[in-house]
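Below are the chains, spelled out letter by letter.
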Amino acid sequence: MKKLALAAAIACLGSMAAADPILGTWKTQPGDDGNYAHVTISPCGGAICGTLGKAFNGSGKSVSSDKVGKRMVWDMKASGGGKYSGGKIWAPDRDKTYKSKMALSGNALKVSGCVGPICRSQTWTRVQ
């Protein structure tokens, strides 16, 4: 019985260590329109994806938006050292999709993307 309990504890710790530190909910910086969002980052297949969970106006009031529930990040893969690349990001304020990369540093996630020579970046903060 003790061996079974020990094996279960080790399995639980192993699965927690395997959880990607980028997973969770992130607050974006305000876009061109002054609004910001909460984006939920989760695994999707062998990659990382993000979905727009809530939208807020510049005063911080939750607002309804037809963009809530839409995928914002997809095909992002960990490349080591808290860095992610190879994915795409959709910017709802400009309705444009960019080739993207991300870098995690504690509770800050630097998200950047480019379309040709035009690049943008934001630093998102962890919500949960």
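Residues numbered from 1 in each chain as written. Predicted model: local features only at pLDDT ≥ 70, side-chain atom pairs only at ≥ 80, totals over all residues. Heavy atoms only, no water.

## Some thoughts on the pairing of strand 5 (residues 71-80)
Then, number 1: When strand 3 (residues 47-56) meets strand 5, the two strands line up antiparallel, connected through 3 bridges. Pairing of Thr51 across the sheet is with Arg71, part of strand 5.
Then, number 2: In terms of strand pairing, strand 5 meets strand 6 (residues 83-91) through 5 bridges, oriented antiparallel. Looking at strand 6, one finds that Lys77 is bridged to Ser85.
Then, number 3: From the end of strand 5 to the start of strand 6, which pair antiparallel, there are 2 residues, and Gly81 there has a positive phi angle of about 65°. (Pairing = 2+ DSSP bridges. Helix = DSSP H or I, 4+ residues; strand = E, 2+ residues; numbered from the N terminus.)

## Points about the environment of Gly46
Then, number 1: Residue placement: Gly46 occurs in the loop between strand 2 (36-44) and strand 3.
Then, number 2: A relative accessible area of 73% places Gly46 in the exposed class.
Then, number 3: Sequence separation between Gly46 and Ala78 is 32 residues; the distance between their C-alpha atoms is 9.8 Å. (Buried < 20%, exposed > 50% of the residue type's maximum accessible area, 1.4 Å probe, protein only.)

## Some words on the pattern of salt bridges
Then, number 1: Across all of its chains, the model carries 3 salt bridges by this definition.
Then, number 2: Note that Arg94 and Asp32 form a salt bridge whose closest N and O atoms lie 2.5 Å from each other. Taken together, the residues span a long stretch of sequence, with Arg94 in the loop between strand 6 and strand 7 (96-105) and Asp32 in the loop between strand 1 (24-27) and strand 2 at a distance of 62 residues.
Then, number 3: With a shortest N-O distance of 3.0 Å, Arg120 and Asp93 are connected by a salt bridge. (Salt bridge = Lys/Arg side-chain N within 4 Å of Asp/Glu carboxyl O.)

## Let's talk about the state of the cysteines
Then, number 1: Per the counting criterion, the structure on display carries 2 disulfides.
Then, number 2: Between Cys114 and Cys119 runs a disulfide, and the two sulfur atoms are separated by 2.0 Å. When the S-S torsion is 105°, as for the bridge of Cys114 with Cys119, the disulfide is right-handed.
Then, number 3: According to the relative accessible area criterion, Cys114 is partly exposed, its value standing at 30%.
Then, number 4: When the cysteines of the protein that form disulfides are numbered from the N-terminus onward, they connect as 1-2, 3-4. (Disulfide = S-S within 2.5 Å.)

## Here we look at the packing of aromatic side chains
Then, number 1: A full pass over the atoms with the stated rule returns 1 aromatic pair.
Then, number 2: Centroid distance Tyr36 to Phe56: 4.9 Å. Interplanar angle 10°. Geometry classified as stacked. Taken together, the residues Tyr36 in strand 2 and Phe56 in strand 3 connect sequence positions 20 residues apart. Here Tyr36 matches Phe56 in class, with each residue buried.
Then, number 3: A cation sits over an aromatic face here: Lys27 above Tyr36, 4.7 Å from the ring centre. (Phe/Tyr/Trp six-rings, centres within 6.5 Å; stacked < 30°, edge-to-face > 60°. Lys NZ or Arg CZ within 6 Å of the ring centre and 35° of its normal.)

## Details of the side chain of Ser100
Then, number 1: Following the sequence through the fold, Ser100 ends up in strand 7.
Then, number 2: The class for Ser100 is buried, based on a relative accessible area of 6%.
Then, number 3: Looking at Ser100, its side chain comes within polar contact range of the main-chain oxygen of Ser112, at 2.9 Å.
Then, number 4: If we ignore the near neighbours within four places in the chain, the residues touching Ser100 are Met76, Ser85, Gly86, Gly87, Lys88, Ile89, Val111, Ser112 and Gly113. (Polar contact = N/O pair within 3.5 Å; in protein donor to acceptor, adjacent residues only side chain to side chain. Contact = heavy atoms within 4.5 Å.)

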